[in-house]
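Breakdown of the fold
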Amino acid sequence: GDSVTQTEGLVTLTEGLPVMLNCTYQTIYSNPFLFWYVQHLNESPRLLLKSFTDNKRTEHQGFHATLHKSSSSFHLQKSSAQLSDSALYYCALSDRGTGGLSGKLTFGEGTQVTVIS
Amino acid sequence: ETAVFQTPNYHVTQVGNEVSFNCKQTLGHDTMYWYKQDSKKLLKIMFSYNNKQLIVNETVPRRFSPQSSDKAHLNLRIKSVEPEDSAVYLCASSLGDWGTYEQYFGPGTRLTVL
C-alpha cells in the first residue's frame, strides 16, 4: 500500500534560519496528490499546501514545496523560520482508490519543529 | 459559524464500556472522516463517509463502528473499549472524495481508557 516517510522526527532551529523538512512517498498511483498539514499545540491539523503537478513550486504562508515524481519527494522549505512556525508538520499522500473514489490520506509520522530565539 | 464540531472534548472510561463520539460539519461538505491520533501523534484514517455511504473502511477492530444520519453528521461508536483505544479521535470533512480536496479537521475528542 501507500506509504509516506518523514525522516526527521524532531527539528530544533534558531529563528531566522532556513527550514527544510523531508518527505518521500511510495505509491502505485502515477498521479499522486501530496499535502503538507500543520498542527499547532492544542489545535487540530490544517492544510498548509498541496500539489499534484510535477516539478512545479507551490507556496503558501512563506512555505514552499515542489513535487518531484522522479525522486518521489515533496520536501517542505522556508527561507527564514519564525517562532510561530513551531508545530507538528505532516506530509500526506492522497489515495484516489483503484476503480473508485476513496479520498484516503496516508500521513507520514510527522516532524515536530521547535523554533528558538 | 462554519466548521467541524465534535463532542465531547474529553472522555474517561473503564475498559469494557461503550462510548460514542459525535461529529457535525456545517461546511456543506460531502465527505466526512474519522482519524485516530495516538500518543506518538501518528495519524491514521479509520473511516470515511460520502453521502452516507461508507467508502473507506480501514482494518480497524470490529468494536469500532461509524454511524451517519446525513452527510453533515458522522458519529463513532466503540463497543467494549480497550486500553489501546486511548487516543485523540479527529473528525474531518472535505468537499469531495477524490482526495484532492482540503480536509478540515474538528478539535478532536480525547479518549482515556483506564
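The structure presented is a predicted model; accordingly, all values stated were derived computationally and were not measured.

Facing 19 residues of chain A, the contacting portion of chain B comprises 22 residues. Buried area between chain A and chain B, summed over both chains or domains, comes out near 1800 Å², and the portion from carbon and sulfur atoms is 58%. Counting the contacts that link chain A with chain B gives zero salt bridges. Taken together, the connections running from chain A to chain B amount to five residue pairs in polar contact (both at pLDDT 80 or more). Taken together, the elements giving at least two residues each to the side of chain A that touches chain B come down to β5 (33-39), β6 (46-51), β10 (87-95) and β11 (104-107) of chain A. Sorting elements by how many residues they give to the side of chain A that touches chain B places β5(A) first, with four residues. Partitioning the side of chain A that touches chain B into residue classes produces 10 nonpolar, five polar and four charged.

Quick look at the side chain of A:Thr106 now. All names here are of chain A. By the element assignment, threonine 106 lies in strand β11. Using a relative accessible area of 15% as the deciding quantity, one classes threonine 106 as buried. Not counting chain neighbours up to four residues away, the residues in contact with threonine 106 comprise Asp2, Ser3, Val4, Cys91, Ala92 and Leu93.

Attention now goes to the packing of aromatic side chains. Residues and elements named next belong to chain B. Taken as a whole, this structure holds 11 aromatic pairs over all chains when the rule is applied. Pairing tyrosine 35 with phenylalanine 105 gives two aromatic rings, centres 5.4 Å apart and planes at 45 degrees, and the pair type is tilted. Linking tyrosine 35 in strand β4 (residues 31-37) with phenylalanine 105 in strand β10 (residues 104-105), this pair joins segments that are 70 residues apart in sequence. Across the pair, exposure class does not vary: tyrosine 35 and phenylalanine 105 are buried alike.

What counts as what
- Residues numbered from 1 in each chain as written.
- Chains lettered and ligands numbered in written order.
- Predicted model: local features only at pLDDT ≥ 70, side-chain atom pairs only at ≥ 80, totals over all residues.
- Heavy atoms only, no water.
- Contact = heavy atoms within 4.5 Å.
- Buried area = accessible area lost by both parts, 1.4 Å probe.
- Salt bridge = Lys/Arg side-chain N within 4 Å of Asp/Glu carboxyl O.
- Polar contact = N/O pair within 3.5 Å; in protein donor to acceptor, adjacent residues only side chain to side chain.
- Helix = DSSP H or I, 4+ residues; strand = E, 2+ residues; numbered from the N terminus.
- Nonpolar A, V, L, I, M, F, W, Y, C, P; charged D, E, K, R; others polar.
- Buried < 20%, exposed > 50% of the residue type's maximum accessible area, 1.4 Å probe, protein only.
- Phe/Tyr/Trp six-rings, centres within 6.5 Å; stacked < 30°, edge-to-face > 60°.

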